[in-house]
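Okay, here's what each chain looks like letter by letter:
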Amino acid sequence: RAREQTPGKAPLPKKVAMFLQSVARHSKVAARDAAQVSAISDVQKVLKKQGPLLVKVYQKYCSQDRTDDKLATMNLKELFQLMKDCQQMDTKFSISKLASAFIAANACAEAGDDGTWNDWDWELSFEEFIEALVRIVDMKTKTHEGILSEKLEHFIQHSIAKYCL
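Computed from a prediction, not measured in an experiment: that's the story for all the values here.

Draft legend 1. Spatial organisation of the pattern of salt bridges. Here the structure, examined in full by the defined rule, presents 4 salt bridges. For glutamate 131, the salt bridge is made with arginine 135, and the minimal N-O distance between the two is 2.8 Å. Highlighted residues: glutamate 131 and arginine 135, both in helix α6 (residues 126–140), separated by 4 residues, approximately one helical turn. Residue glutamate 131 is classed as buried on the basis of its relative accessible area, which comes to 0%.

This is how it looks when you write it as structure tokens:
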């Protein structure tokens, strides 16, 4: 006879397995979408213009768990904290969507990475962070008028610069 699970009382291995299944389920579309959206010409212009600000933000948030012997990288928790500080996490943009952007950016930014679980890692380099940021803006503004580069510039100026520096 199966034991009934009490919320918050599931054994850790089972919780981890459930989390991994949830991430895999929510990231199927993201892993298939391997084209880099940050490589679009107009988007590149915005990223070049806003580069110094984005470097400061990246360094600020990825330093939360940095040790001297480790290169600066950003994990999902730090990306979540950035989006939370920018007041971007809400019912329409949940942790599962953020995880999808994280996974897609992680999968498409590395040459030779086929997006499978074995090749996936848990940290974003600066280039992967930029890709994740563009994907987040794209996900959050899909239904809005305008082109992605304009939406990205508006997001950087009115959300990131306003709340995160």
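Draft legend 2. Focus on the packing of helix α2 (residues 41–49) against helix α7 (residues 148–163). Two numbers describe how α2 lies on α7: the axes approach to 8 Å, and their chain directions differ by 20 degrees. The angle between α2 and α7 places the two elements in the roughly parallel class. The hand of the α2/α7 crossing is right-handed. Only Leu148, Ser149, Leu152, Glu153 and Ile156 of α7 make contact with α2, whose side of the interface consists of Asp42, Val43, Val46, Leu47 and Lys49. Taken together, the residues that form the contact of α2 with α7 break down as 6 nonpolar, 1 polar and 3 charged.

Draft legend 3. Summary view of the confidence of the model for the protein. Chain-level pLDDT for the protein is 81 on average; 75% of the residues reach the 70-or-more range. Within the protein, helix α1 (residues 12–32) has the poorest average pLDDT of any element, 65, and α2 the best, 95.

Draft legend 4. Expanded view of the packing of aromatic side chains. In this structure the tally under the stated criterion is 3 aromatic pairs. Measuring from ring centre to ring centre gives 5.2 Å for tyrosine 58 and phenylalanine 129, while their planes differ by 40 degrees; the resulting arrangement is tilted. Of the two residues, tyrosine 58 is situated in helix α3 (residues 51–62) and phenylalanine 129 in helix α6; the sequence distance between them amounts to 71 residues. Note on accessibility: tyrosine 58 and phenylalanine 129 belong to one class, buried. Taken together, the ring pairs connect Tyr58, Phe126 and Phe129 into an aromatic cluster.

Draft legend 5. Quick look at unusual backbone geometry. The residue glutamine 87 is not glycine, and still its phi comes out positive at about 60 degrees. Residue placement: glutamine 87 occurs in the loop between α4 (76–85) and α5 (95–109).

Draft legend 6. Quick peek at the packing of α6 against α7. Direction vectors running N to C along α6 and α7 enclose 100 degrees, while the axes themselves pass 10 Å from each other. The angle between α6 and α7 places the two elements in the roughly perpendicular class. Packed against α6, whose contacting residues are Leu133, Val134, Val137 and Asp138, the element α7 presents Leu148, Lys151, Leu152, Phe155 and Ile160 at the interface. Of the residues contributing to the contact of α6 with α7, the split by class is 7 nonpolar, no polar and 2 charged.

Basis of the calculations
- Residues numbered from 1 in each chain as written.
- Predicted model: local features only at pLDDT ≥ 70, side-chain atom pairs only at ≥ 80, totals over all residues.
- Heavy atoms only, no water.
- Salt bridge = Lys/Arg side-chain N within 4 Å of Asp/Glu carboxyl O.
- Helix = DSSP H or I, 4+ residues; strand = E, 2+ residues; numbered from the N terminus.
- Buried < 20%, exposed > 50% of the residue type's maximum accessible area, 1.4 Å probe, protein only.
- Axes fitted to C-alpha atoms, helices over the stretch in contact; angles between N-to-C directions.
- Parallel < 35°, antiparallel > 145°, perpendicular 65-115°, else oblique.
- Left-handed = near helix turned anticlockwise from the far one by under 90°.
- Contact = heavy atoms within 4.5 Å.
- Nonpolar A, V, L, I, M, F, W, Y, C, P; charged D, E, K, R; others polar.
- pLDDT = per-residue confidence, 0-100.
- Phe/Tyr/Trp six-rings, centres within 6.5 Å; stacked < 30°, edge-to-face > 60°.

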